[in-house]
Structure formats: C-alpha cells, structure tokens
Amino acid sequence: MNTQTAQEQQEQQEQQEQQEQQAQQSVQEVNFDGLIGPTHHYGGLASGNLASSRNALSRSSPKQAALQGLEKMRTLLNMGYPQGFMPPQMRPDLSVLRRLGFSGSDHQLLNRAAKEAPALLSMVYSASSMWAANAATVTPSADSNDGRVHFTPANLLTTAHRAIEHEQTFITLNAMFPDKERFAVHPALPAIHRFADEGAANHTRLSADYQSPGVGLFVYGRDTNTDLAALTFPARQSREACEAIARQHGLRHAVFLQQSRHAINAGAFHNDVVAVGNGPLLFFHEQAYEDKARDRAFGELNQWLPLQSLCVPASKVSLSDAISSYLFNSQLLAAINTDGSADMNNMCLIAPSECADNQAVKTYLNELLTDHSQPIRQVQFVDVRQSMSNGGGPACLRLRVILTARERAAVNPAFMLSNEKINSLQDWVKRHYRDELVPADLADPALFDESQNALDELTQMLGLGSFYGFQQA
C-alpha cells in the first residue's frame, strides 16, 4: 500500500528530475590515449614531420615508449581527470602485404618483404596508431543536431603507413562507444586526395564551458585555391574534408580556418603543432594561420562564444622553437571543481619535457604564469621522449571526447583506466615488449609472433574477445 501523500510524491519527482538534470550537466573531457604498441620503431615514414625524419632508422625502445605513455595517463588520472585508452592496432598488418602481391605463410611473407621491399615492411609494422589525436574527429552531443556524440575515423591518406589504420579505428571506436542511441561512429571519408583528413589534430572544439553548445574550429592546409607548388611539405588536411565531417556530424556551428603556408613549410604538419584550445581559450603561435583567414575566423567565433585568443609572438618563441619543443602539442586542461564541473579560468598545460629544455620556450612559459589576464595557471612537464623522437607530443597521444555523465556511463569500461589497470598494463608491457628495436629487426619473424602473443593476452585481460583479425582466423 502506497502511504505517500501527493505532496511527498511531487517532491520526490522534483528531486528525481533535479538529480537527472544535474547528471546531464556533469560534463567532462575524457582523454583516450593511444597505448603504444610493441613494434614502435623509427622508420622515418612521415614527410614533413621533422622529428620523424631526423631520427629515421635510429634505435627505439618500445618498452620505454609504452611505459612513458602509461605514466602520462596516470598523471592525468591522479589529477582527477577521467582517463581511457585505445589499444594498439595489430602490426604488422600482413593483409596489406597480401594485397600488394606477397604470398605464402606469415613468416614467408615477412621474409620476402624484408628482402624485396624493406620500406613496405616498415610501413606495415608502424605503431603510429598510438597518436590517437589522428584517430578521428569528435563532435560532442551538445553541438550535434541529433544530440549524439559523433566520431569520424581519419582516412590519413597522405602517408601510406597511416592510411592503413582507419578500418581498425572504426572497429575500435564502435567497441569503445557501443550505445547507438548516444554515439554515432561514421566510416572514414573516401580515400581520395580531395577529402584528405587527419582527424582531431586539425580540429578544436571551443565553447564557453563544456555544458554549453560549442563551435567546431576546423583548420585546413589546402583548398581549391591553394598553390601546392609553394608548399615544401604536404598540406595534409583539405577544407573539403572539414566541410564533409561538419555535415556528417550535423554540426550546428563550424568555422573553417586556413593554416599558414609558412607554418606548413616550417614543419607544422598538423594544426596541433602550432595551436591548442580548450573551452573559450585558443592558444596559438603568431604564424599559425593566414592573417586574413584568422581575422575572419575569429570574427565568426566571437558570434557564438566569448573567445579568448592567446597569441604567442614570434619575437618571444620562434616558429622553429615552437615546433622543435612541441609547445603547442601540449594538453590544455581545465581544473575540476568539487561538483565535477570545469573551471575555465584555471587551466593547466601538460607540456613535453622538451619545453623545459628549450630556453626561449621555458622563459616564455615562466612569463605566462605571471600573467593573470589569461587562464593558464600551471604547467606540468611529462616525459614522452620516445614518442617525441618520432614526431608526437602529449596532445598527439590522446583523443579528447567531451561526455555527459550518462554518456560516460555508456562507454565500454574495458577502455577506461584506473591506477590498478595501469599497473596491470605496465606489467603486460614489461613481459612482452622489447627493450630496443631497430628497423633491421623487423625482418625477424619472432617479432611478429611476439606482437600477436602480446595483443592476444591484452584482449584476454580486457575481456574483449576476438578483437583483432588474427584472432578470428
């Protein structure tokens, strides 16, 4: 028998509605870092990536790389930020070699490729999926017409070793975000030059706060009017790809901004090498964008949010110093209030330790922290030198996803981290990863077996079942 009065029932209903509203308003940024795979090596495969070219064919440490990445994840987790990860893709991808005319058993395939086409062997062994900022472009539910979080895997067609990633990325994202009522994972754009897409490395979501509708800022290197002959390095992102993703996601507000030719030619192969944003703040280098395009884009942004633009003058940090230190490939994070909301007036820059080693950058950051007219209040340095040596800093290693409380609850928990799970993953790395690897080692069939065994155990640890293609054969 229900003994509640009508007033008590009404109060209970109002309390429930208030709790549901608060849960919906608890919006947080979740970083999903790429877990660095056991075949991490320096193949020098990325044209325009100066660090990758500089360290080509040198000795890497897959074990150290993965442990550094996991420690960065732990740093954010212990700072109170929800932290997830994306598992490595299976490498080598022998299906690519088979499509290219190689045949025989797996070991025969590797032996023949090592003798006849070692550059192809390095391509199919690349662990570049660790740079999760290139995995996809993400639109939060607050910004999309249908109220879902949207993902589009990047086709990454400019570089062959990355163009083979998007099919597995599509599978991974569907496994991570399985609830179709809350998430929409789209196929990659057609792999043709006109729609070249490099993912979130060229996209920044700006907003007054995480709860409010935001604006997708898409940065592109070329459009139909770009003089490609004037570019030393490839302009990897096309405007038409940006426009297609905005349509695909049903994005309410999108702004398109052209990266400067000067930045591309200096080695800024992605926008996240010269700019990073969070909330209403865009932190960027003076030479990041074409001047007229910047003025027009900033005018558009100011129509939809109170944009805070923080420009680093070239007189204080040269473009060369910005690129070599990866100052802008830092993670820009808002402090978390006691109610779980983000404090956009109190931000932290998670910067690579190379920024502390560069005198001009270090001096600038010290000055920045004394300037209270801007919201960056703290700089924390992290050691990701193995990734940096191949051309990827802290921001390259993560895919940012802004989620409500209900959306966070719908994420597959296998891909969310705790300190205990990080400990388990570190133990797994120590058991399976090599201390050192040079490109010549890729010819060793044992490395192929080690990689399969490692990933097979990883899926068992995470309860993912037959996640990789080789487990389904």
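Residues numbered from 1 in each chain as written. Predicted model: local features only at pLDDT ≥ 70, side-chain atom pairs only at ≥ 80, totals over all residues. Heavy atoms only, no water.

> What's the story with the overall build of the chain in this structure? I'm lost.
Check the secondary structure of the chain and you find 19 helices and 15 strands. For 473 residues, the compact-globule estimate of 2.2 N^0.38 gives 23 Å, and the chain sits close to it at 22 Å. Oriented by its inertia axes, the alpha-carbon framework of the chain measures out at about 80 × 65 × 40 Å. With 473 residues in all, the chain has 57% of them scored as buried. Here the chain has roughly 18,800 Å² of accessible surface; of this, 47% comes from carbon and sulfur atoms. Separation of charge centres in the chain, based on 37 positive and 49 negative side chains, amounts to 5 Å. (Helix = DSSP H or I, 4+ residues; strand = E, 2+ residues; numbered from the N terminus. Rg over C-alpha atoms; globule rule 2.2 N^0.38 Å. Buried < 20%, exposed > 50% of the residue type's maximum accessible area, 1.4 Å probe, protein only. Areas by Shrake-Rupley, 256 points an atom, 1.4 Å probe, with all protein chains shown as cover. Lys, Arg positive; Asp, Glu negative; His and termini not counted. Charge placed at Lys NZ, Arg CZ, Asp CG, Glu CD.)

> Just checking my understanding: could you explain the pattern of salt bridges for this structure?
Should their charged atoms come close, side chains of opposite charge can pair. On inspection of all chains with the given rule, the structure shows 21 salt bridges. A salt bridge links D33 to K72, with the shortest nitrogen-to-oxygen separation between them at 2.7 Å. Pair noted here: D33 is in strand 1 (residues 28-34) and K72 is in helix 3 (residues 62-78), with a separation of 39 residues, a long-range link. Pair check on accessibility: D33 and K72 agree, each one buried. (Salt bridge = Lys/Arg side-chain N within 4 Å of Asp/Glu carboxyl O.)

> Could you clarify how one ought to interpret the layout of surface pockets in this entry?
Remark: the empty space left among the atoms is shown by a probe the size of a water molecule rolled over them. The calculated volume of the largest pocket comes to roughly 540 Å³. M90, D93, S95, Q168 and G469 are, among the 26 residues lining the largest pocket, the residues nearest its centre. Counting only elements with at least two residues in the lining of the largest pocket, the list comes to helix 4 (94-99), helix 8 (166-176), helix 18 (445-462) and helix 19 (469-472). When residues of the lining of the largest pocket are assigned to their parent elements, the largest contribution, 5 residues, is made by helix 4. Residues that form the lining of the largest pocket fall into these classes: 12 nonpolar, 7 polar and 7 charged. (1 Å grid on protein atoms, 1.4 Å probe; cavity = no way out; pocket = protein on both sides within 12 Å on 5 of 7 lines; lining within 4 Å. Points joined across faces, edges and corners; volume = space filled by probe spheres on them. Nonpolar A, V, L, I, M, F, W, Y, C, P; charged D, E, K, R; others polar.)

> How do you make sense of the packing of aromatic side chains when you look at a structure like this?
For any two aromatic rings, the description comes down to two numbers: the centre-to-centre distance and the angle of the planes. What the rule picks out here adds up to 13 aromatic pairs. Measuring from ring centre to ring centre gives 5.0 Å for F283 and F328, while their planes differ by 50 degrees; the resulting arrangement is tilted. Residue F283 is located in strand 10 (residues 281-285), and its partner F328 is located in the loop between helix 12 (319-325) and strand 12 (331-336); the two are separated by 45 residues in the primary sequence. For F283, a relative accessible area of 0% puts it in the buried group. Classification of F328 as buried rests on a relative accessible area of 0%. The interplanar angle of 45 degrees and the centroid separation of 5.9 Å between the aromatic rings of F284 and Y289 together place this pair among those described as tilted. One exposure class covers both F284 and Y289, and it is buried. One aromatic cluster is present, formed by F85, F415, F467, Y468 and F470 through successive ring pairs. (Phe/Tyr/Trp six-rings, centres within 6.5 Å; stacked < 30°, edge-to-face > 60°.)

> Explanation requested: helix 11 (residues 291-304) in the structure shown.
Helical geometry note: an α-helix holds 3.6 residues per turn, so side chains three or four residues apart project in the same direction. Its 14 residues give helix 11 an end-to-end C-alpha distance of 21 Å, which sits within 8% of 20 Å, the value for a rise of 1.5 Å per residue. Where the residues of helix 11 are buried, they touch strand 6 (203-206), strand 7 (215-220), strand 8 (254-258), strand 10 and strand 11 (308-312). (Expected span 1.5 Å × (residues − 1). Contact = heavy atoms within 4.5 Å.)

> In this structure, what is going on with the packing of helix 5 (residues 106-116) against helix 6 (residues 118-125)? I would like to understand it.
Any two packed helices are characterised by how steeply their axes cross, that is the angle between the axes, and by the distance between the axes. Viewed as axis vectors pointing N to C, helix 5 and helix 6 meet at an angle of 130 degrees, and their least axial separation amounts to 5 Å. When the axes of helix 5 and helix 6 are compared, the pair comes out oblique. On helix 6, the residues touching L110, A113, A114, K115 and E116 of helix 5 are P118, L121 and Y125. Partitioning the contact of helix 5 with helix 6 into residue classes produces 6 nonpolar, no polar and 2 charged. (Axes fitted to C-alpha atoms, helices over the stretch in contact; angles between N-to-C directions. Parallel < 35°, antiparallel > 145°, perpendicular 65-115°, else oblique.)

> Would you explain empty space enclosed by the protein in this entry?
Applying the stated criterion across every chain yields a total of 7 cavities of 30 Å³ or more. Quantified by volume, the largest cavity comes out at close to 320 Å³. For the largest cavity, the lining is made up of 24 residues, of which A200, H203, T204, R205 and R400 are closest to its centre. Elements with a minimum of two residues in the lining of the largest cavity: strand 3 (136-139), strand 6, strand 9 (275-278) and strand 15 (398-403). No other element matches the 5 residues that strand 15 contributes to the lining of the largest cavity. Of the residues contributing to the lining of the largest cavity, the split by class is 12 nonpolar, 7 polar and 5 charged.

> Teacher, can you tell me more about the sheet that holds strand 14 (residues 376-382) here?
The strands that make up a sheet are held in pairs by hydrogen bonds between backbone atoms, and each pair lies either parallel or antiparallel. Within the open sheet, the 3 strands sit side by side as 12-13-14. Their pairing is mixed. Every interior strand has two partners, whereas the edge strands, strand 12 and strand 14, have only one. Each neighbouring strand pair of the sheet contributes to a mean axis angle of 35 degrees, computed without reference to strand direction. As paired strands, strand 13 (residues 342-352) and strand 14 are joined by 6 bridges and run parallel to one another. In the strand pairing of strand 14, M347 is matched with I376. (Pairing = 2+ DSSP bridges.)

> Would you explain the side chain of S26 in this entry?
Positionally, S26 belongs in the loop between helix 1 (6-25) and strand 1. Excluding anything up to four places from it in sequence, S26 contacts L403, T404, A405 and R408.

> Quick question: what am I supposed to make of the nonpolar core here?
Within soluble globular proteins, side chains that are nonpolar generally end up buried alongside one another. Ranked by size, the top nonpolar core spans 92 residues in total, and within it F151, L173, F177, L301 and V401 carry the most contacts. Beyond its immediate sequence surroundings of up to four residues, F177 is in contact with F32, F151, F183, V401 and V411. L281, F328, A334 and L365 belong to the second-largest nonpolar core, a separate cluster that totals 25 residues. (Core = buried A, V, L, I, M, F, W, Y, C linked by side-chain atoms within 4.5 Å.)

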